[in-house]
Amino acid sequence: MSPALYALLLATAVAYINQPLVERVNARKPSWVARDNKFIAGYGSLDALRSLMGALEVDAASPLDAASPPRRQLDDGGDALPARFDAREQWPHCVSIGAIGDQGQCSACWAFGPTAAFNDRLCIHDAAQRNVTLSVQAALACAGQPSNGCAGGRQTAAWDLFADAGLPTAACQPYTPP
């Protein structure tokens, strides 16, 4: 994505995070409640807000990013998709599903996303035998290059860490936002 397009999308997102939007969303009566995000509103500039977006772009020339498995079309067996699906209801024993982490003032989305997905996959696969919360802090601190902790990183580095070394639980190494 070009820097100009990125700046435009970010400016548009910031401009629309306001009370009229919140009211329009809530008028539709979703299953959740929209609120004005005071955290984002306090940033005041695009550069400051951009500092929270830490997922680095995929680099096709990088062996790390080029190793992603090819996408494939799955055969759904002709079954129609359900009209409604909620993973929290499908796997209520998985405490990680539906949990939302707070990265604070750290550009840690690149570590939070894969760690949350890995937590969920472990619980679903093992029918809650491994119903634990793994350490985002370990992913942030230990993922290889090109990851730079709170300065951003690539999700592929986090996934490689999980496969190569695993992660401790969050109880052993809790996330400590800056």
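Owing to the predicted nature of the structure, the values given are computational and were not obtained by experimental measurement. (Residues numbered from 1 in each chain as written. Predicted model: local features only at pLDDT ≥ 70, side-chain atom pairs only at ≥ 80, totals over all residues. Heavy atoms only, no water.)

A short note on the pattern of salt bridges
Selection criterion: Here, a salt bridge means any Lys or Arg side-chain nitrogen found within 4 Å of an Asp or Glu carboxyl oxygen.
In this structure the tally under the stated criterion is two salt bridges. Between Asp-86 and Arg-88 there is a salt bridge whose closest N-O contact spans 2.6 Å.

Brief notes about the state of the cysteines
Rule in force here: In this description, a disulfide is simply a cysteine sulfur pair whose atoms lie within 2.5 Å. Going along the chain from the N terminus, every DSSP run of H or I of four or more residues is numbered as a helix, and every run of E of two or more is numbered as a strand. Categorising residues by exposure relies on relative accessible area from a 1.4 Å probe, with only protein chains included: less than 20% of the type maximum marks a residue as buried, more than 50% marks it as exposed, and the intermediate range marks it as partly exposed.
Across all of its chains, the model carries two disulfides by this definition. Linked covalently through their sulfurs, Cys-94 and Cys-123 form a disulfide whose S-S length is 2.1 Å. On the S-S bond that ties Cys-94 to Cys-123, the torsion sits near -95°, and the link is left-handed. Here Cys-123 lies in helix H7 (residues 109-125) and Cys-94 lies in the loop between helix H6 (87-90) and H7, a separation of 29 residues in the sequence. Of the residues examined, Cys-94 reaches a relative accessible area of 3% and is grouped as buried. Within the protein chain, bonded cysteines paired by disulfides and numbered along the sequence follow the pattern 1-3, 2-4. No disulfide involves Cys-109; its sulfur sits 9.0 Å from the nearest other cysteine sulfur, which is in Cys-106. With a relative accessible area of 29%, Cys-109 lands in the partly exposed category.

Re the nonpolar core
In summary, soluble globular proteins display a tendency toward joint burial of nonpolar side chains. For clarity, the cut-off: Remark: nonpolar core denotes a set of buried residues (Ala, Val, Leu, Ile, Met, Phe, Trp, Tyr, Cys) joined through side-chain atoms within 4.5 Å. Residue contacts follow a heavy-atom distance rule, with two residues in contact if any of their heavy atoms lie within 4.5 Å.
By size, the foremost hydrophobic cluster in this structure holds 18 residues, and its most contacted members are Ala-108, Trp-110, Ala-111, Ala-139, Leu-140, Leu-167 and Tyr-175. At the level of elements, H7, helix H8 (136-142) and helix H9 (155-164) are the ones that each hand at least two residues to this core. Sequence-distant contacts of Ala-139, defined by excluding residues within four places in its chain, comprise Trp-110, Ala-111, Thr-115, Leu-161, Phe-162 and Leu-167.

Some remarks on unusual backbone geometry
Although it is not a glycine, Lys-29 sits at a positive phi angle of roughly 55°. You can see Lys-29 is positioned in the loop between helix H2 (19-27) and helix H3 (38-41).

Overview of the packing of aromatic side chains
Where two aromatic rings form a pair, the distance of their centres and the angle of their planes describe that pair. Where we set the bar: Each pair of aromatic rings taken from Phe, Tyr and Trp, with Trp reduced to its six-membered ring, is defined by centres within 6.5 Å and is described as stacked if the planes are under 30 degrees apart, edge-to-face if over 60, and tilted in the remaining cases.
Scanning the entire structure with this criterion turns up five aromatic pairs. Taken together, a centroid distance of 6.1 Å and an interplanar angle of 75° make the contact between Phe-118 and Trp-159 edge-to-face. A residue pair is termed long-range when its members are at least 10 positions apart, and Phe-118 in helix H7 and Trp-159 in helix H9 qualify at 41 residues. Residue class for Phe-118 comes out partly exposed when judged on its relative accessible area of 22%. By the ring-pair criterion, three or more aromatic residues cluster together here, those being Phe-118, Trp-159 and Phe-162.

Section: the environment of Ile-100
Tracing the sequence through the fold places Ile-100 in the loop between H6 and H7. Look at Ile-100 and you get exposed, because its relative accessible area is 81%.

Observations regarding H9
Those residues of H9 lying buried are Thr-156, Ala-157, Ala-158, Leu-161 and Phe-162. Gly-166, located one to two residues past H9, shows a positive phi value of around 75°.

As for the packing of H7 against H9
To be explicit about the condition: Note on geometry: axes are lines fitted to C-alpha atoms, helical ones only across the stretch in contact, with angles between N-to-C directions running from 0 to 180 degrees. We call two directions roughly parallel when the angle between them is under 35 degrees, roughly antiparallel when it is over 145, roughly perpendicular when it lies between 65 and 115, and oblique otherwise. Handedness of a helix crossing follows the sense of rotation of the near helix relative to the far helix, less than a right angle counterclockwise being left-handed and clockwise being right-handed. The nonpolar class holds Ala, Val, Leu, Ile, Met, Phe, Trp, Tyr, Cys and Pro. Asp, Glu, Lys and Arg form the charged class, and all remaining residues, Gly among them, are polar.
Close contact between H7 and H9 brings their axes to 8 Å; oriented N to C, the two are set at 45°. Compared by their axis directions, H7 and H9 come out oblique. Two packed elements cross with a definite hand, and for H7 against H9 that hand is right-handed. Contact residues: Cys-109, Trp-110, Pro-114, Thr-115, Ala-117 and Phe-118 in H7; Gln-155, Ala-158, Trp-159 and Phe-162 in H9. In terms of residue class, the contact of H7 with H9 is made up of eight nonpolar, two polar and no charged.

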